[in-house]
Amino acid sequence: MTEAEVRQFLERYFHTAFNDTEEAFAALFTPDGVLEDPVGTPPLRGREAIIGFLRAAKPKIERASVQVREIMACGDESAVRWTLDLRTRKGDHVGIEGIGNFVFSEQRKLRLVREFYDVELLRKIIA
């Protein structure tokens, strides 16, 4: 995928994560796709696990937006620097900088996503 194609896909990915159904987000992955969000937590394997992850997190979030800052596309993988602006239902606000590693299938679905960010900051806010 070209950098432009990756950017378009990832803008849809982040928008879907916070603004669409859990099923629509999981459909961006291959049936056996893996989401490690963040790295160091147990990987979510398959669409059902990814759906469950979102169903647990989304009720705590009032609004969120992600800005894709930089993309390094190389073959079927991309490294992406992003910024998350999030407000919880409790009224707390947090900004998080992160880097994601995205691995695509030939069908342009996600086989693997590994996110790197300060999970402790997020846990304090949405706990």
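Read on for a plain summary of the structure. (Residues numbered from 1 in each chain as written. Predicted model: local features only at pLDDT ≥ 70, side-chain atom pairs only at ≥ 80, totals over all residues. Heavy atoms only, no water.)

**Quick notes on the packing of aromatic side chains**
- Tallied over the entire structure, the rule returns nine aromatic pairs.
- Judged by centre distance (5.0 Å) and plane angle (80 degrees), the rings of Tyr13 and Phe14 are edge-to-face.
- A relative accessible area of 9% means that Phe14 is categorised as buried.
- Arranged with centres 4.9 Å apart and planes meeting at 45 degrees, the rings of Tyr13 and Phe25 form a pair that is tilted. Of this pair, Tyr13 sits in helix H1 (residues 3–19) while Phe25 sits in helix H2 (residues 22–26), placing them twelve residues apart in sequence. (Phe/Tyr/Trp six-rings, centres within 6.5 Å; stacked < 30°, edge-to-face > 60°. Buried < 20%, exposed > 50% of the residue type's maximum accessible area, 1.4 Å probe, protein only. Helix = DSSP H or I, 4+ residues; strand = E, 2+ residues; numbered from the N terminus.)

**Some words on the nonpolar core**
- With 31 residues, the main nonpolar core has Leu10, Tyr13, Phe25, Phe29, Leu35, Phe102 and Leu110 as its most contacted residues.
- Those elements giving two or more residues to this core turn out to be H1, H2, strand E1 (29–36), helix H3 (47–57), strand E3 (61–74), strand E4 (77–88), strand E5 (93–104) and strand E6 (110–116).
- With six residues, the single largest contributor to this core is H1. (Core = buried A, V, L, I, M, F, W, Y, C linked by side-chain atoms within 4.5 Å.)

**Points about the environment of Ile96**
- For Ile96, the position within the fold is in strand E5.
- Classification of Ile96 as buried rests on a relative accessible area of 3%.
- In this structure the C-alpha to C-alpha distance between Ile96 and Pro59, which are 37 residues apart in sequence, comes to 19 Å.

**Some details on the pattern of salt bridges**
- Taken as a whole, this structure holds nine salt bridges when the rule is applied.
- What you see here is one network of salt bridges that share partners, running through Glu22, Glu23 and Arg55. (Salt bridge = Lys/Arg side-chain N within 4 Å of Asp/Glu carboxyl O.)

**A word on H3**
- For H3, the full list of buried residues reads Ile50, Ile51, Leu54 and Ala57. Down the axis of H3, the sector holding all buried residues measures 135 degrees, keeping them to one side.
- Residues of H3 that are buried sit in contact with H1, H2, E1, strand E2 (44–45) and E3. (Arc of directions from axis to C-beta. Contact = heavy atoms within 4.5 Å.)

These results come straight from atomic positions and should not be treated as a statement about function.
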